[in-house]
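Geometric and topological summary
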Amino acid sequence: MTAEIDDQTTAYVLVAQTCFEDLKQVAGQLAGFLVLAAVGSTSGTPEHPVLKSAELVYRRAEDALKSLRVSKPARPHHAHLLRAAASLKTALSSTHRRRDFLPLLESAQAELLAASRALPGFQMLAFDRGCCAIRK
Amino acid sequence: MKNNYSIWVAEFANVPNYPLSGLLYGAHNQGHTRLPYCYVVIKGHGHIAMVDVGYNHKEYGAVLAGMYGVRDWHPPHEVLAECGFTPEDVSRIFLTHAHFDHMGNIEDFPKATFYIQERELSKWVWAMSLERRFRWMMGGVDPADIMRTVDLARNGRLVCVEGYRENVLPGIDLHLAPDTHTWGSMYVRLRNDLASSSGNAWIFAGDLVYLQENLRGHTPEDPEYIPIGFAMGSQFNLVMTTDELLNGVDGDASRVIAIHEDRLKDMFPSRVTANGVRVTELALADGEPSRIG
């Protein structure tokens, strides 16, 4: 991970964080829906509010991605976000066609994990909002 | 006292200085304590079972070590070897809740069937459908764990429990503690004599209890329930659940096992192995050799 970053990249990080969080949330939402469907939960139907929310959050992330000003050092990071978004977009459209979109989610997750390692300031898991890990 | 199961608590990582206030409600500015991360290993009736599986070190080990002070992580194959088992030997795993340090390592147990409360899953998914300003409610839950859970469910290796389930293995019962530490926290009661009115019961409390003080307060001769510091549900529900836990072990607080309690090692036979893994032995079935020596 880069030890020091320039001002342009810092500005990119600050804006991209929300976009990254939104993409993560969409991946989690769709995975959550798949779990409910897989275990036969009565709430695991296409009418579950999590799918509607995932579409809204995805649209917000997509708009934010388009408006990002990407510095040269941030390009690999941005590429990971774009690939994650593409996988999630296809996954979202698959929810209506009853296709298995778990591989797409796993692909998006891998891209987000790679993004979290490409620049500082991107966490895959909010440990600081958890119960058993306290930031030093 | 006849034991049908052998039980060990195995430590796989620790935080050397964790604020006491996170563990004990209201203990602000009262210092820090060592916080072990452990899982429970149970052997009996032809099964190796576990309560919780730890976290995904491959993905988060560096972050947890660098930013959160989590140390001395050991992989399950190394930890279980100290009890004479491999991860492949494990056939049943009871997930007390969906936080990363309890269900983050399911992929390391390829032959196990996992049990979790349906409420825990469905409420997390509900929380994910809320707007961004509610994101505190998602703290500690890893979407990657949820993806791995999909695979488990599709392969018939995930059992969603709705409330109470008796005898998931002979003498082992699962209990729901709704809206406590999390929405669908579960605790495990093991009746080691298999009797319905057991005089030899243990409870594995997950994160419903962190310390002995949660069970008895600061003055054991005048006990008081003090809830843990972190509740997704309510402190009231935690207090009422604490009473339920103690009733399940005839009031013997030492039989409510809190896997983050560092003093377990002082309450039961314990040893640190050559590669730094602590194993604490709670019970041995008849004929089972000690792993403590």
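Residues numbered from 1 in each chain as written. Chains lettered and ligands numbered in written order. Predicted model: local features only at pLDDT ≥ 70, side-chain atom pairs only at ≥ 80, totals over all residues.

**Thoughts on the overall build of chain B**
- Looking only at helices and strands, chain B has eight helices and 13 strands in total.
- Taken over C-alpha atoms, the radius of gyration comes to 18 Å for chain B, in line with the 19 Å a tight globule of 293 residues would show.
- The principal-axis extent of the C-alpha atoms belonging to chain B is close to 55 × 50 × 40 Å.
- Burial analysis of chain B (293 residues in total) assigns 52% to the buried set.
- The long-range share in chain B, meaning contacts at least 24 apart out of those at least 6 apart in sequence, stands at 63%. (Helix = DSSP H or I, 4+ residues; strand = E, 2+ residues; numbered from the N terminus. Rg over C-alpha atoms; globule rule 2.2 N^0.38 Å. Buried ≥ 20, exposed ≤ 12 C-beta atoms within 10 Å, placed from the backbone. Contact = placed C-beta atoms within 7 Å.)

**Remarks on the overall build of chain A**
- When helices and strands are tallied, chain A shows four helices and zero strands.
- Ordered by position in the sequence, the α and β elements of chain A form the string α-α-α-α.
- Relative to its length of 136 residues, chain A is compact, with a C-alpha radius of gyration of 16 Å against a globular reference of 14 Å.
- Once the C-alpha set of chain A is aligned to its principal axes, its extents read approximately 50 × 35 × 20 Å.
- The burial tally for chain A puts 43% of its 136 residues in the buried class.
- For chain A, long-range pairs separated by at least 24 residues make up 72% of all intrachain contacts whose partners lie at least 6 apart in sequence.

**Some details on the environment of His28 of chain B**
Residue and element names in this part refer to chain B.
- Note that His28 resides in the loop between strand E1 (6–19) and strand E2 (32–44).
- Looking at His28, the number of C-beta atoms within 10 Å reads 10, which means it is exposed.
- As a C-alpha pair, His28 and Gly229 span 201 residues in sequence and 9.9 Å in three-dimensional space.

**Points about the sheet that holds strand E7 (residues 165–169) of chain B**
- Within the open sheet, the five strands sit side by side as E7-E8-E9-E10-E11 (chain B). Their pairing is mixed. The sheet is open, and its two edges are formed by E7 and strand E11 (256–257) of chain B, each paired on a single side. (Pairing = 2+ DSSP bridges.)

**Quick word on the packing of helix H1 (residues 7–38) of chain A against helix H4 (residues 118–128) of chain B**
- Here H1 of chain A crosses H4 of chain B at 145 degrees, and the two axes come no closer than 9 Å. Pair H1 of chain A / H4 of chain B crosses with left-handed handedness. Across the interface between the two elements, Gln25, Gly28, Gln29, Gly32, Phe33, Val35 and Leu36 of chain A of H1 of chain A pack against Leu121, Ser122, Trp124, Val125 and Met128 of chain B of H4 of chain B. (Axes fitted to C-alpha atoms, helices over the stretch in contact; angles between N-to-C directions. Left-handed = near helix turned anticlockwise from the far one by under 90°.)

**Comments concerning the interface of chain B and chain A**
- Between chain B and chain A, the residue contacts involve 39 residues of the former and 35 residues of the latter.
- Residue assignment for the side of chain B that touches chain A shows that the elements contributing at least two residues are E1, helix H1 (57–68), helix H3 (100–103), H4, helix H5 (143–154) and strand E6 (158–161) of chain B.
- Looking at which element gives the most residues to the side of chain B that touches chain A, the answer is H5 of chain B, with eight residues.
- For the side of chain B that touches chain A, the residue count by class is 24 nonpolar, nine polar and six charged. (Nonpolar A, V, L, I, M, F, W, Y, C, P; charged D, E, K, R; others polar.)

**With respect to H4 of chain B**
- The buried fraction of H4 of chain B amounts to nine of the eleven residues, a majority that puts the element mostly inside the structure.
- Within H4 of chain B, burial applies to Glu118, Arg119, Glu120, Leu121, Ser122, Lys123, Trp124, Val125 and Met128 of chain B.

**Points about the nonpolar core**
- Counting residues in each nonpolar core, the largest one holds 136 residues, and the members touching the most others are Leu23 and Val35 of chain A together with Val40, Ile203 and Ile257 of chain B.
- Looking at this core element by element, the count peaks at 14 residues for H1 of chain A. (Core = buried A, V, L, I, M, F, W, Y, C linked by C-beta atoms within 7 Å.)

**Examining the confidence of the model for chain B**
- Confidence in the prediction for chain B averages 94 pLDDT; 100% of positions are at 70 or higher.
- In the predicted assembly, ipTM is 0.82 and pTM is 0.92. (pLDDT = per-residue confidence, 0-100.)

**Concerning helix H4 (residues 102–118) of chain A**
- Taking 1.5 Å as the rise per residue, H4 of chain A with 17 residues should run 24 Å; its terminal C-alpha atoms sit 24 Å apart, in good agreement.
- Contacts made by the buried residues of H4 of chain A are with H1 and helix H3 (75–97) of chain A together with H5 of chain B. (Expected span 1.5 Å × (residues − 1).)

**Points about the pairing of E7 of chain B**
All names here are of chain B.
- Bridge count between E7 and strand E8 (residues 172–178): two bridges; the pairing is antiparallel. Counted as the bridge partner of Arg165 is Leu174 from E8.
- The antiparallel pairing of E7 with E8 creates a hairpin that spans two residues between the two strands, and Gly171 there sits at a positive phi of about 80 degrees.

**Let's talk about the sheet that holds E6 of chain B**
Residue and element names in this part refer to chain B.
- Within the open sheet, the eight strands sit side by side as E6-E5-E4-E3-E2-E1-E13-E12. Their pairing is mixed. At either margin of the open sheet sits one strand with a lone partner, and together these are E6 and strand E12 (270–272). Neighbour-to-neighbour, the strand axes of the sheet open up by a mean angle of 25 degrees, direction not taken into account.
- For strand E4 (residues 90–94) and strand E5 (residues 113–117), the ladder comprises three bridges, and the chain directions are parallel. Bridged to Ile93 within E5 is Phe114.

**Quick notes on the environment of His45 of chain B**
All names here are of chain B.
- On the secondary structure map, His45 appears in the loop between E2 and strand E3 (47–51).
- Look at His45 and you get partly exposed, because 14 C-beta atoms sit within 10 Å.
- Through-space distance from the C-alpha of His45 to that of Gly233 is 35 Å; in sequence the pair is 188 residues apart.

**Thoughts on unusual backbone geometry**
- With a phi angle near 55 degrees, His45 of chain B is a residue other than glycine that sits in the positive phi range.
- The phi torsion at Asp72 of chain B lies on the positive side, around 60 degrees, for a residue other than glycine.

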